[in-house]
Amino acid sequence: MLNWESIFATRSNRMRASEIRELLKLLDRPEIISFAGGIPDPELFPNDAFKEAYAEIFGGPTVGAALQYSVSEGYRPLREWLAGQMAAIGIPASVDNIFITSGSQQGLDYLGKLFLSPKDTALVTWPTYLGALQAFNAYEPTYDQLNPAGNRTPGAYAQAAEEGGGRVKFAYLSADFANPTGETVDRAGRERVLALAEELDIAVIEDAAYQSLRYDGEAVPPILALEIARKGDINNTRTIYCGSFSKTLAPGLRVGWICAAEPVIRKLVLMKQAADLHSSTINQMAIATVAERGFDEQVKKIHGAYRQRRNAMLLALERYMPAGVTWTKPEGGMFIWVTLPKGTDGAELLAKSIETAKVAFVPGRAFFADGSGENTLRLSFSCANGRMIDEGIRRLGDLVRGEVAQAA
Ligand SMILES: Cc1ncc(COP(=O)(O)O)c(C=O)c1O
């Protein structure tokens, strides 16, 4: 029998099943109230708009093109629509600055592939999006902690990377309603990240997967917009913006985009030619049609539903969580991040919770590149209704109260 491990490349050593995906498999049980999966509510997908768009494609003159191979950059009318969207959020960009990906996850994989040689350093927040760690891990980097609230000196980062045998290549962050914390980096924090990147002469990867999901408060300009305001032209910038239709229209179509300086886009196009030639032509066409006809209306619908659920979860946490437990108060997105008293273990709590309280969530440790964060957990409110939220948080609060009392 072939010893597969002996022929797997070293880059496969860090590929492990995501704790979250494994969990999701177990959570179909009807008795469990789940705040675990960070997925959009399927009830909110614009089904009718997609049905109409696909019917028009199949019944019209473009069906041949829709089912045919297409260019690696992406479907031009979609890129044109996106250029308009980017301009509206302070990012004047031409179609040549926009590249379509098969979900923003593919963008993260490509950027890892483009920048990271083994032992190079990626700066990430602690915690950060687990999928980004998974994407980057394949390129065998080390991680160092990015802290928009106040970073170490550029020299300290550079020295640590050099001691590890590589150099710092980029800072990755989700500046709006991050997965897993729900938190937003303020303008000063964004400027600090940019200043650090300039000092280190590295790229900034701005993961904007949740940017359109703001329910209240003032929008903060994207990092790329702040940089263009200073440099005058997107082609002089170092920030690479990763967008997604997954949280606004539908994740199953796998359509996202990257907006960045042309030299980066040109490299990404070559990578796509080698990897999958192009993203699904017909899905890009359907997304373009649905987005052109009703993107704003769809986003408004999502805001209404998720705002209500976020409010319900914040209220329930206030009502049921014992003293010593704290949580974030996100202005958008899908997540609330809970910090339990020190000494409480989120993974152990989950095992007990599944058994007794019958409530699921994601233990926070998986989101930390250094394996810390054991006393944290991520709650998602996107797929739960008000009754489930109140009941689920009540049961979780009872469980946590018992744990905290036992530890004291
Ligand atoms: C922060 C963040 N970035 C990127 C993604 C990937 O999304 P997609 O590939 O569906 O665009 C997700 C998905 O959950 C996410 O939470």
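Everything numeric here is computed off the predicted structure, so don't read it as measured data.

How each quantity is defined
- Residues numbered from 1 in each chain as written.
- Predicted model: local features only at pLDDT ≥ 70, side-chain atom pairs only at ≥ 80, totals over all residues.
- Heavy atoms only, no water.
- Axes fitted to C-alpha atoms, helices over the stretch in contact; angles between N-to-C directions.
- Helix = DSSP H or I, 4+ residues; strand = E, 2+ residues; numbered from the N terminus.
- Parallel < 35°, antiparallel > 145°, perpendicular 65-115°, else oblique.
- Left-handed = near helix turned anticlockwise from the far one by under 90°.
- Contact = heavy atoms within 4.5 Å.
- Pairing = 2+ DSSP bridges.
- UniProt positions renumbered as here; feature names shortened; annotations may be inferred.
- 1 Å grid on protein atoms, 1.4 Å probe; cavity = no way out; pocket = protein on both sides within 12 Å on 5 of 7 lines; lining within 4 Å.
- Points joined across faces, edges and corners; volume = space filled by probe spheres on them.
- Nonpolar A, V, L, I, M, F, W, Y, C, P; charged D, E, K, R; others polar.
- Domains from an automatic or database assignment.
- Near = heavy atom within 4 Å.
- Areas by Shrake-Rupley, 256 points an atom, 1.4 Å probe, with all protein chains shown as cover.
- Buried area = accessible area lost by both parts, 1.4 Å probe.
- Salt bridge = Lys/Arg side-chain N within 4 Å of Asp/Glu carboxyl O.
- Polar contact = N/O pair within 3.5 Å; in protein donor to acceptor, adjacent residues only side chain to side chain.

Novice: Please provide a residue-by-residue account of the packing of helix 12 (residues 281–320) against helix 14 (residues 386–407), values included.
Specialist: One way to put it is that helix 12 packs onto helix 14 with a least axis distance of 9 Å and a crossing angle of 30°. Between helix 12 and helix 14, the angle falls in the class roughly parallel. In the packing of helix 12 onto helix 14, the handedness of the crossing is right-handed. Residue-level inspection shows Arg309, Ala312, Met313, Ala316, Leu317, Arg319 and Tyr320 of helix 12 in contact with helix 14, the latter providing Ile389, Asp390, Ile393, Arg394, Gly397 and Arg401.

Novice: Let's hear about the sheet that holds strand 5 (residues 168–173): which residues, and what values?
Specialist: A sheet is described by the order of its strands in space; here seven strands give the open sequence 2-8-7-6-5-3-4, paired in mixed fashion. In this open sheet, the two strands that pair with only one neighbour each are strand 2 (98–101) and strand 4 (142–145). Averaged over neighbouring strand pairs, the angle between their axes works out to 25° when direction is ignored. Here strand 3 (residues 121–124) runs beside strand 5; their pairing, made up of four bridges, is parallel. The partner of Leu123 across the bridge, within strand 5, is Ala171. Each of strand 2, strand 7 (239–244) and strand 8 (256–259) is contacted by helix 11 (residues 262–275), which is oriented at about 30° to strand 2, the strand it contacts most.

Novice: Break down the UniProt feature "domain: Aminotransferase class I/classII large" (unreviewed entry) in the protein chain for me, citing the residues and quoting the values.
Specialist: This chain's UniProt record puts "domain: Aminotransferase class I/classII large" (unreviewed entry) on residues 69–396. Secondary structure across residues 69–396 divides into 44% helix and 15% strand, with the first and last C-alpha atoms of the span separated by 50 Å.

Novice: For empty space enclosed by the protein, give the residues involved together with the corresponding values.
Specialist: Using the criterion set out here, one finds one cavity of 30 Å³ or more in the structure. For the largest cavity, the calculated volume is near 40 Å³. Forming the walls of the largest cavity are Pro40, Asp41, Leu44, Phe45, Ser246, Lys247, Thr248, Leu249, Gln298, Ile302 and Tyr306. Class assignment for the residues of the lining of the largest cavity results in six nonpolar, three polar and two charged. Counting residues domain by domain, the lining of the largest cavity receives three or more from each of domain 1 (4–45 + 296–407) and domain 2 (47–294).

Novice: A description of the site of the ligand should follow, citing residues and the corresponding values.
Specialist: If you check the shell around the ligand, you find Gly103, Ser104, Gln105, Tyr129, Asn179, Asp207, Ala209, Tyr210, Ser244, Ser246, Lys247 and Arg254 and nothing else. Summarising the interface, the protein chains cover 92% of the accessible area of the ligand, which totals 400 Å² for the free molecule. In terms of residue count, helix 6 (residues 103–115) provides more of the shell around the ligand than any other element does, three residues in total. Looking at the shell around the ligand, its residues break down into three nonpolar, six polar and three charged.

Novice: Just give me the short version of the domain arrangement of the protein chain, but keep the residues and values in it.
Specialist: Interface size is often expressed as the accessible area that is lost when the parts come together. Domains assigned within the protein chain are domain 1 (4–45 + 296–407) and domain 2 (47–294). Distance from the C-alpha centre of domain 1 to the C-alpha centre of domain 2: 25 Å. In this complex, domain 1 contributes 35 residues to the contact, which on the side of domain 2 involves 34 residues. In total, about 3200 Å² of surface goes out of reach between domain 1 and domain 2, with carbon and sulfur atoms giving 58% of it. When the buried area of domain 1 at its contact with domain 2 is split by residue, Arg14, Phe45 and Glu331 rank highest and sum to 22% of it. Of the charged contacts, one joins Glu331 and Arg214 as a salt bridge, the two residues approaching to 2.7 Å between their closest N and O atoms. Counting every contact that joins domain 1 to domain 2 gives 20 residue pairs in polar contact (both at pLDDT 80 or more). Going through the elements one at a time, helix 12 and strand 10 (335–339) are the ones with two or more residues in the side of domain 1 that touches domain 2. A total of nine residues in the side of domain 1 that touches domain 2 trace back to one element, the largest contributor, which is helix 12. Split by residue class, the side of domain 1 that touches domain 2 holds 17 nonpolar, eight polar and ten charged.

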